[in-house]
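Working through the structure, step by step
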Amino acid sequence: MGNDMEWLAWPVALNEFQLRQFARYYEMLVDWNERINLTGIVDEDEVYIKHFYDSLAVAKLPVWQEAARQGGRAIDIGSGAGFPGIPLAIAYPNMSFVLCDALQKRIHFLQEVCSDLGLNHVECVHGRSEDMGRDSAWRGTFDVALARAVARANVLMEYMAPFLRPGGAGICYKGPSFVHEEFDDAKRAATKLHCRLLDPLTYDLPRGLGNRTFASFIQLQLVSKSYPRRAGVPSKQPL
Ligand SMILES: C[S@@+](CC[C@H](N)C(=O)[O-])C[C@H]1O[C@@H](n2cnc3c(N)ncnc32)[C@H](O)[C@@H]1O
């Protein structure tokens, strides 16, 4: 199999240059993964489907399409090895991105990836979302907040909502169990955070590698200054 991944029907059109950026990102991911813990998945096809394709699947959501059309500003909270932020930054060079993570080593990796791939529209920030979300430099300044595999929806919403301008969108990458196991909690958090939940969207990964669900919301107005609560509290006492 070559790096063109011709067998893969990407959720968004990618040119040759972008496909080369993905190939280089994959190389760096498996190389750095030998020294720092970045991902449990290293098989090339699986990385392309479970990490790259999955990150780009947000292209199916109208709220994302709108932000992309407007060249919006997005934050990826708890980006880890760069998902979904790096694939989105490759696919959407007209937008700007902030990738944040509480672990310095992962931020160092992300900075190296951005430098190597020439992703000048990405800023990688070492910090906890609860601290950043209380800082006026970040608060209320984003069109979209994204997070994948970071926390339960009602915890994530408290991380995400403070970053959003009124009318901005929060998008959580979830498993399909979200609908039965987290939706009611998310509804309760939405009321406290001035958000309106959108209908969840479940989609299939290629090659029968499972399905996933987007849980998303619109920020109706700026959140109260009480949120986010101080670092560690949202996960210990979820809304
Ligand atoms: C399981 S990893 C997921 C990484 C990536 N989003 C993905 O889908 O592969 C969770 C990441 O979130 C980060 N994280 C957890 N809570 C955080 C917080 N409150 N603020 C910033 N980063 C956080 C962790 O350091 C870790 O890198």
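Residues numbered from 1 in each chain as written. Predicted model: local features only at pLDDT ≥ 70, side-chain atom pairs only at ≥ 80, totals over all residues. Heavy atoms only, no water.

Concerning the UniProt feature "binding site: S-adenosyl-L-methionine" (unreviewed entry) in the protein
- Sequence positions flagged by UniProt for "binding site: S-adenosyl-L-methionine" (unreviewed entry) are, in local numbering, G78, F83, S129, E130 and R148. Of the annotated residues named above, the ones that line the largest pocket are G78, F83 and R148.
- Mapped onto the elements of the fold, E130 is located in helix α6 (residues 129–132).
- Owing to a relative accessible area of 1%, E130 belongs among the buried residues under this scheme.
- When sequence neighbours within four positions are dropped, the list of residues in contact with E130 reads Y159, P228, R229, R230, A231, G232 and P234.
- With respect to the element layout, R148 can be found in strand β4 (residues 142–148).
- With residues near it in sequence (within four places) discarded, R148 still touches K50, H51, D54, G78, F83, P84 and Y173.
- A distance of 2.9 Å separates a polar atom in the side chain of R148 from the backbone oxygen of K50. (UniProt positions renumbered as here; feature names shortened; annotations may be inferred. 1 Å grid on protein atoms, 1.4 Å probe; cavity = no way out; pocket = protein on both sides within 12 Å on 5 of 7 lines; lining within 4 Å. Helix = DSSP H or I, 4+ residues; strand = E, 2+ residues; numbered from the N terminus. Buried < 20%, exposed > 50% of the residue type's maximum accessible area, 1.4 Å probe, protein only. Contact = heavy atoms within 4.5 Å. Polar contact = N/O pair within 3.5 Å; in protein donor to acceptor, adjacent residues only side chain to side chain.)

Regarding the side chain of D185
- When you line up the elements, D185 lands in helix α9 (residues 183–192).
- Ignoring anything within four residues of it in the chain, the contact list for D185 reads R152 and N154.

Some points on the site of the ligand
- Neighbouring residues of the ligand: 16 residues in total, closest G78, F83, D101, R106 and R148.
- Within the contact set of the ligand, an oxygen atom lies 2.6 Å away from a side-chain nitrogen or oxygen of R148.
- Here the ligand loses 79% of its free accessible area of 600 Å² to cover by the protein chains.
- Taken together, the residues of the shell around the ligand sort by class into six nonpolar, five polar and five charged. (Near = heavy atom within 4 Å. Areas by Shrake-Rupley, 256 points an atom, 1.4 Å probe, with all protein chains shown as cover. Nonpolar A, V, L, I, M, F, W, Y, C, P; charged D, E, K, R; others polar.)

Description of helix α5 (residues 104–117)
- Relative to the 20 Å expected for 14 residues at 1.5 Å per residue, α5 spans 20 Å between its end C-alpha atoms, a close match to the ideal helical length.
- Within the span of α5, buried status applies to I107, F109, L110, V113, C114 and L117. For α5, the buried positions fall inside an angular range of 155° around the axis, keeping them on one side. Opposite the buried face of α5, at more than 90 degrees from it, the exposed residues are K105 and S115.
- Directly after α5, the chain includes G118, whose backbone phi takes a positive value near 70°. (Expected span 1.5 Å × (residues − 1). Arc of directions from axis to C-beta.)

Some thoughts on unusual backbone geometry
- Going from F83 to P84, the amide bond is cis rather than trans, its omega being 5°.
- In this structure, the amide linkage connecting Y227 to the following residue, P228, adopts the cis form with an omega of 0°.
- You will see that A149, though not glycine, has its phi angle at about 55°, which is positive.
- Residue A149 is classed as exposed on the basis of its relative accessible area, which comes to 73%.
- Positive phi outside glycine occurs at R207, with the angle close to 55°.
- Tracing the sequence through the fold places R207 in the loop between β7 (201–204) and β8 (211–219).

Overview of the pattern of salt bridges
- Within the structure shown, the criterion is met by 14 salt bridges.
- A salt bridge links E66 to R69, with the shortest nitrogen-to-oxygen separation between them at 2.6 Å. A residue pair is termed a helical-turn pair when its members lie 3 or 4 positions apart in one helix, as E66 and R69 do in helix α3 (residues 62–69) at three residues.
- Since its relative accessible area comes to 62%, R69 is described here as exposed.
- Between D143 and R165 there is a salt bridge, and its shortest N-O distance comes to 2.5 Å. Residue D143 is located in strand β4, and its partner R165 is located in strand β5 (residues 164–174); the two are separated by 22 residues in the primary sequence.
- The structure contains a network of salt bridges with shared partners spanning R24, E27 and D116. (Salt bridge = Lys/Arg side-chain N within 4 Å of Asp/Glu carboxyl O.)

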